[in-house]
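# An overview of the molecular structure
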Amino acid sequence: MGTSVQFRSDQIRSAIFTHPKRTAVALGLFLMIVGSFEPFYVRIFFSDRDALRRLYVELPYRKLPGFRPLLSRVRELTPLHAKVALWVPPGRWNEGYEYGYYRSVYLIAGREVVPLLDAADHFLSSNLDQADYLVCWHCNPGFAGFKTVLRTPDGFLARKR
Amino acid sequence: MIGTVLALLSAFGCGVILASALMPESGVRIVAGTGFLLGLALPASALFLLSIVGVPWSLPAAGIISLAVVGMVFLIRRRLPPAVSQSRDAHHSIAAILIDLLSVVLVLGYVTFSTNGPVIEYDFIGIWGVKAWTFFLHGGIDWKFLEHPWRAFTHADYPILLPLTFDYLALARGAWDDRWIGLLFAGYGAASLLVARGALEEESGSQVFSALGTFALISAALSPYIGLAEGPLIAYGGVGIILIRRAIALEDSSGLTTGALLLGLAASTKNEGMTLVVAAILGVVAAIGFDRRLVRLWPAIVIPLPWVLLRSVHSLHNDLATGSVLSRIWLHLHEPGLFLRSITRYPLGRPLFWVGLLLVFLVALPPALKRERFALTTIAIQYLFYVFAYLSTPHGVDWHFKWSWERVISQMTFPLGFVVIAMTIPFLFPKGEAGSPP
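Every value quoted in this text rests on a predicted model; they were computed, and no experiment measured them.

## Here's the deal with the overall build of chain B
Along the backbone of chain B there are 21 helices and 0 strands. The C-alpha radius of gyration computed for chain B amounts to 21 Å, which stays within 12% of the reference 22 Å derived for 438 residues, consistent with globular compactness. Across its three principal axes, chain B shows a C-alpha extent of roughly 65 × 55 × 45 Å. Within chain B, buried positions represent 52% of all 438 residues.

## Some words on the overall build of chain A
In terms of regular secondary structure, chain A is built from 7 helices and 5 strands. Secondary structure elements in chain A, listed N-terminal to C-terminal, are α-α-α-α-α-β-α-β-α-β-β-β. Across the 161 residues that make up chain A, the buried fraction comes to 29%.

## A word on the packing of helix α1 (residues 2–22) of chain B against helix α8 (residues 181–204) of chain B
Residues and elements named next belong to chain B. Here α1 crosses α8 at 30°, and the two axes come no closer than 9 Å. Judged by the angle between their axes, α1 and α8 are roughly parallel. As α1 packs across α8, the resulting crossing turns out to be right-handed. On α8, the residues that touch Thr-4, Val-5 and Leu-8 of α1 are Leu-183, Leu-184 and Gly-187. In terms of residue class, the contact of α1 with α8 is made up of 4 nonpolar, 2 polar and no charged.

## Overview of the packing of helix α4 (residues 94–114) of chain B against helix α9 (residues 207–216) of chain B
Residue and element names in this part refer to chain B. Packing of α4 against α9 brings their axes to within 8 Å, and their N-to-C directions diverge by 15°. Here α4 is positioned roughly parallel relative to α9, judged by the angle of their axes. Crossing angle aside, the handedness with which α4 passes α9 is left-handed. Seen from α4, the contacting residues are Ala-95, Ala-96, Ile-99, Asp-100, Leu-102 and Ser-103; seen from α9, they are Gln-207, Val-208, Ala-211, Leu-212, Thr-214 and Phe-215.

## A few points about the environment of A:Asn94
All names here are of chain A. Relative to the assigned elements, Asn-94 resides in helix α6 (residues 93–107). For Asn-94, a count of 9 C-beta atoms within 10 Å gives the class exposed. Considered as a pair, Asn-94 and Phe-40 are 54 residues apart in the sequence and their alpha carbons are 34 Å apart.

## Details of the interface of chain A and chain B
Counting from both sides, the interface comprises 36 residues of chain A and, opposite them, 41 residues of chain B. Those elements that provide at least two residues to the side of chain A that touches chain B are α2 (20–36), α3 (40–43), α4 (49–58) and α6 of chain A. Here the residues of the side of chain A that touches chain B are counted per class, giving 26 nonpolar, 4 polar and 6 charged.

## A look at the sheet that holds strand β3 (residues 133–137) of chain A
Residues and elements named next belong to chain A. Read from one edge of the open sheet, 5 strands run β2-β1-β3-β5-β4, paired in mixed fashion. The outermost strands of the open sheet, each flanked by one partner alone, are β2 (112–115) and β4 (146–152). Neighbour to neighbour, the strand axes of the sheet diverge by 25° on average, direction disregarded. Across 4 bridges, the pairing between strand β1 (residues 83–87) and β2 is parallel. Paired with Leu-86 across the strands is Pro-115, a residue of β2. Lying on the sheet, α6 is in contact with β1, β2 and β3; it crosses β2 at an angle near 165°.

## Quick look at the pairing of β3(A)
All names here are of chain A. Counted residue by residue, β3 has 5 buried out of 5 residues, so it is predominantly covered. Of the two faces of β3, the one carrying Tyr-133, Val-135 and Trp-137 and the one carrying Leu-134 and Cys-136 are both buried. Where β1 and β3 come together, 4 bridges link them in parallel fashion. Bridging from a neighbouring strand, Leu-86 pairs with Val-135 of β3. Pairing of β3 with strand β5 (residues 155–160) involves 5 bridges; the strand directions are antiparallel. Looking at the pairing, Trp-137 lines up with Gly-155 of β5.

## Some points on the environment of B:Leu384
By the element assignment, B:Leu384 lies in helix α19 (residues 373–391). In sequence terms B:Leu384 and B:Trp180 are 204 residues apart; their C-alpha atoms lie 35 Å from each other.

Here is what the cut-offs are and how they apply
Throughout, a residue's number is its position along its own chain's written sequence, starting from 1. To label them, take the chains in the order written and letter them from A, then take the ligands in the order written and number them from 1. pLDDT decides what is reported in this predicted model: residues at 70 or higher carry local features, side-chain atom pairs at 80 or more are listed and counted, and totals for whole chains, interfaces and linings draw on all residues regardless. Segments assigned H or I by DSSP are reported as helices when at least four residues long, segments assigned E as strands when at least two residues long, and all are numbered from the N terminus. Between the two quantities, the radius of gyration covers C-alpha atoms and the globule rule is 2.2 Å times the number of residues to the power 0.38. Here a residue counts as buried when 20 or more other C-beta atoms fall within 10 Å of its C-beta, as exposed when 12 or fewer do, and as partly exposed in between; the C-beta atoms come from the backbone. Comment: axis = line fitted to C-alpha atoms, over the contacting stretch for helices; angle = value between 0 and 180 degrees taken between N-to-C directions. Each angle is binned into one of four classes, with values under 35 degrees roughly parallel, values over 145 roughly antiparallel, values of 65 to 115 roughly perpendicular, and all other values oblique. By convention, the crossing between two helices is left-handed when the near helix turns anticlockwise from the far helix through less than a right angle, and right-handed when the turn is clockwise. Here contacts are defined at the residue level, using C-beta atoms placed from the backbone and a cut-off of 7 Å between them. Following the grouping adopted for this structure description, the nonpolar residues are Ala, Val, Leu, Ile, Met, Phe, Trp, Tyr, Cys and Pro, the charged ones are Asp, Glu, Lys and Arg, and the polar ones are all others, Gly among them. When DSSP finds at least two bridges between two strands, those strands are taken to pair.

Next comes the structure, spelled out in structure tokens:
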């Protein structure tokens, strides 16, 4: 047994010194094979996939809790091509408005999401005039001329009177 | 799920007929992988055509156009003399089968991960998915949506092959569902791996080697960015490079056209695909000179051309091209520290893989320089385009690196990994020994 192990290590040593480039290339290929292995693609079979799924559903909207369910209800309650104005407090572009506006266009695709704020935090009142609906996350700003259609803990939806 | 699977299988069927007509000399793996990629592009291109002529989208209309293209190519091919197969009868080995099974397990793991729930990537929600869903509800490309300044954040100028492919799946299913889109991405990865497996086997004559080489490419081929254009770009761009490299080695002019077809589809997927076409043309010139075979690359230019013209007509601008590009480059060149800090700060992913790749590259480069001139020139020029994009960014350099560096670099890892693995063949199978390359 000991002789056999000794013989094999001699063979490896000889191969390395006889063909150093070949050995280096084989080592490089070995590192590529090992380094490419992604254990997550095996772990996923044994993980709690339902919990992971629940996480996936809310993950892209996590900074505005309740935003996705609210917009899903808006989707059900508004017709295609409706102009839906969006309000996200505190009404600052870089503090949630941009985040909500960009995602709302996907969540209620087919409707035209009308921004009420520009990147310099100016309120766009003319856009509110164009809107058929107003959706507000976690607030009830009480804009005149709109009738409440939906009120949930996540916000409300109102239709222009 | 069933609708998505049936849509993918139908596209695969059409694509295999198309690929076997275009590459009759190729082995089954190369035909199957290329067929899947071509097959998916068919109905998406049909939807593009329907939008241009103003016909509302429907599955039968897209299907008829796709079948007409397949039938036409098939009939043309039948009139040409039969080709001789280049695939070699490799020795079947249990070891290769076991390694392939491990690869299949990892691909199935990827399928499980990518279809476990809705797509979570912001770029899907804000760019690729939102366009596809809007077009689906509109029944065609919604130019008003793309042109509106409020939708500038969706990068309206980006090529639209991917959203149109999502729309094909939605039409087949009859509704929008972003959960099963993951299957599409698994298909892109699996198709690329099939082509790599076939090409490595063809070149080395060893099943075990090609199975190991394919295993090493799994992470590079299966894009973790589900729903983003990286998946199809890696597939179309990577397989395009592999097929052109193979065509140059075999002096197969028609192979150049098939490779160029895939590069044209890469250019229809993402702006980086357009720069890849330029890089690949220069790569072919570096390999064969200004030879008349260059004309064979025509699909790489013709395929993305309609979108380039249409986005110009509709004034859809690229954010990197806004303002004074040269002054930004000049400014950033004067801040090399910031640039280099950003490169080193954000990871490339998989350090061990890169160490191995670098080791093979350094040792095997000198003898491979001539043989790999096309692929290495193409990939090097593409990397230069990336550097140019970061130098010309209108956003902060660090911000741009933070949000895209690892993802952008991943676009070329699959073809680069393939070429580097192929570079090991002359060392591991020296001429005269069993399994030496042709």
